[in-house]
Structure formats: C-alpha cells, structure tokens
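# Summary of structural features
The chain contents come next:
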Amino acid sequence: MARMKFICDAERCIECNGCVTACKAENNVPWGVNRRRVVTLNDGVVGEKSISVACMHCSDAPCMAVCPVNCFYRTDEGVVLHDKDVCIGCGYCSYACPFGAPQFPSNGEFGLRGKMDKCTFCAGGPEANGSEAENAKYGRNRLAEGKLPACAEMCSTKALLGGDGDVVAEIFRTRVLNRGKGSEVWGWGTAYGKPTQTSALTAPVKK
Amino acid sequence: MNARALGGTIVMAVALVACGEKPQTIDASSARKSDEPAWAVSNTAEPAFAAPGWKTTGDKAAWEQQIRQRGQAQNDYVR
C-alpha cells in the first residue's frame, strides 16, 4: 500500500519558490492563498536553511480532529482531504494545524472568510476524478493521472520529495549516507510520529 | 375567550417562536461525500493529461507500481 508523504531536504532547498509557483499554477490557487510556502530560518546569515512547507498529511491529523462538521477524510494512501461543500469556514483547523496549512480565501469588500483551502497532494477532492467540478474546487488530480504532486516534480534541486513514503524515505536515506549529514527532517516527528525502530539513519555514519 | 385574551395568546405564541431551535445534526444532505480511489477509472477524467505511457485501468497494483516508478525520477543516484 502506497502511503503518500512529503520530505523537504533543508540541505538542498535554495528558496527559489518554484514549488510555490508550480502549486499555484497547477491548481489555480487564488490570490491570498498559498497552499505551499518556503520558510527560511536565519535569512541572510551564513548557513541559513530553507524548507518548503505545506500540509504534511498527518497520520493523526489535528485538523480532522477539531473539525465541527467532519468535512475531512483520509484516503487509503494517507492523503488528508476535505469536502468544501461541507466546510463552513470556521477556521478551527487553521488553529489546530502546527504547519499553518489550512488557508482561507477572502471574498468581497469586507474580507469574508471563504471555505478552507489546503494542499491536496494533487489528489483533488471528493468529486469525480479529473472532473471539472473537482478541478474548480480543489485543483488538479495528478495522482489519478499516474503522476506525483507538481511541487515535488518541479523542484529543480529535488529538495522537495513527494510520493510513496517508502520510496522518498529511501531516496533521502541514500543522500544522507552519501553526503554524511542532514538526517534531521523538520516536521517529520510532529506529522508522522517517532520512528518505531532504529534505522541506519539514526546511527552516526562512519566515513 | 374574549378578543383580548385571544390577542394576547397570539402575541405570546409569536414571541416564543424565536425560542425554538433548528436541528443541527448532520443529515444525509450535509454529510461529506465519499471519494473514489485514485486508481479508479472515471468517465470524466481527461486521458490527455495522464502520465506518458500509463493508462488508468482500475488496477490498484498497477497504479501503485506507476507511482513508485514515477517517484524514482526524483532520485539523483539512479539517473
């Protein structure tokens, strides 16, 4: 069973915002909403680190837990999605999410808060796969097209990896073993839980 | 019952209407829709945008294999 995950490699991210642009273009994300964004720590200082952040599709998603209308669901591949026809735009999920993933478009002169919008792992929503309704509400359903999220596939340095958790973890593991550093994946523990077994990654690499 | 008492009763009944409460439980009309799996064949899908060399057949194993294979395109060490 494929279980979809993102990993962002802080050693490779160059803060180009290509993932942000790819996401907005692929999913027709409106102004004021960023499903994905790049966060830089110690910006301008030697050794600054950037990571690309979006919905982490948590195994135990807090947004799903607090939603009063139960509009969230998790697919068999571990992608956390929601039904915009049920969402009431209350914003509880935004407060609950440790990654700031839920976004709310502002509509009208008074900035009325619209229905929540977030990263779908390019898996669309509860409408029919590839339908116009799905595209209009949630964006492109690339998974149904046999593709991976646009942000990860467009990443020029391949800092952002997305896809089957086993595959992306193995790609990242190979990198770390080759370069000998950078095994700390920010947000991993919060979103996916602590590792249940000791792996080669947790042990220091001997050169 | 005289007209005054009848009028008072009507006014009270109208005033108490606001005290009523609409049901707030989630019924079938407002419940979340079910989603079809990513590997399901959909009549509304646009095959023109499918990954090159791959076609949706409704086979879960084939779809997972496609996703894993596609994922390896992100691996610098196998290029």
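## Focus: the overall build of chain A
From N to C terminus, chain A includes seven helices and eight strands. Within chain A, buried positions represent 42% of all 207 residues. Considering only contacts in chain A between residues 6 or more positions apart, those separated by 24 or more positions represent 55%.

## Examining the interface of chain B and chain A
Chain B puts 31 residues into the contact, and the matching count from chain A is 33 residues. Split into classes, the residues belonging to the side of chain B that touches chain A amount to 12 nonpolar, 10 polar and nine charged.

## Some thoughts on helix α1 (residues 3–16) of chain B
The terminal C-alpha atoms of α1(B) lie 20 Å apart, and with 14 residues this matches the ideal 20 Å at 1.5 Å per residue to within 8%. For α1(B), the tally of buried residues reaches only zero of 14 residues, placing the bulk of the element at the surface.

## Description of the nonpolar core
Ranked by size, the top nonpolar core spans 51 residues in total, and within it F6(A), C151(A), L160(A) and L161(A) carry the most contacts. Dropping the residues within four chain positions of it, L161(A) is found in contact with F6(A), I7(A), A152(A), V168(A), I171(A), F172(A) and Q74(B).

## Some details on unusual backbone geometry
Residues and elements named next belong to chain A. Its identity is not glycine, yet N42 carries a phi of approximately 55°, on the positive side. On the secondary structure map, N42 appears in the loop between β2 (37–41) and β3 (49–53). Classification of N42 as exposed rests on a count of 10 C-beta atoms within 10 Å. The residue F121 is not glycine, and still its phi comes out positive at about 55°. Mapped onto the elements, F121 comes out in the loop between β7 (112–113) and α4 (132–138). With 28 C-beta atoms packed within 10 Å, F121 lands in the buried category.

## Considering the environment of K147(A)
Relative to the assigned elements, K147(A) resides in the loop between α4 and α5 (150–154). A sequence separation of 12 residues divides K147(A) from N135(A), and the C-alpha atoms of the two residues are 16 Å apart. Once residues lying within four places of it in the same chain are set aside, the contact partners of K147(A) are R142(A), E153(A), A51(B) and R70(B).

Quick notes on the rules
- Residues numbered from 1 in each chain as written.
- Chains lettered and ligands numbered in written order.
- Predicted model: local features only at pLDDT ≥ 70, side-chain atom pairs only at ≥ 80, totals over all residues.
- Helix = DSSP H or I, 4+ residues; strand = E, 2+ residues; numbered from the N terminus.
- Buried ≥ 20, exposed ≤ 12 C-beta atoms within 10 Å, placed from the backbone.
- Contact = placed C-beta atoms within 7 Å.
- Nonpolar A, V, L, I, M, F, W, Y, C, P; charged D, E, K, R; others polar.
- Expected span 1.5 Å × (residues − 1).
- Core = buried A, V, L, I, M, F, W, Y, C linked by C-beta atoms within 7 Å.

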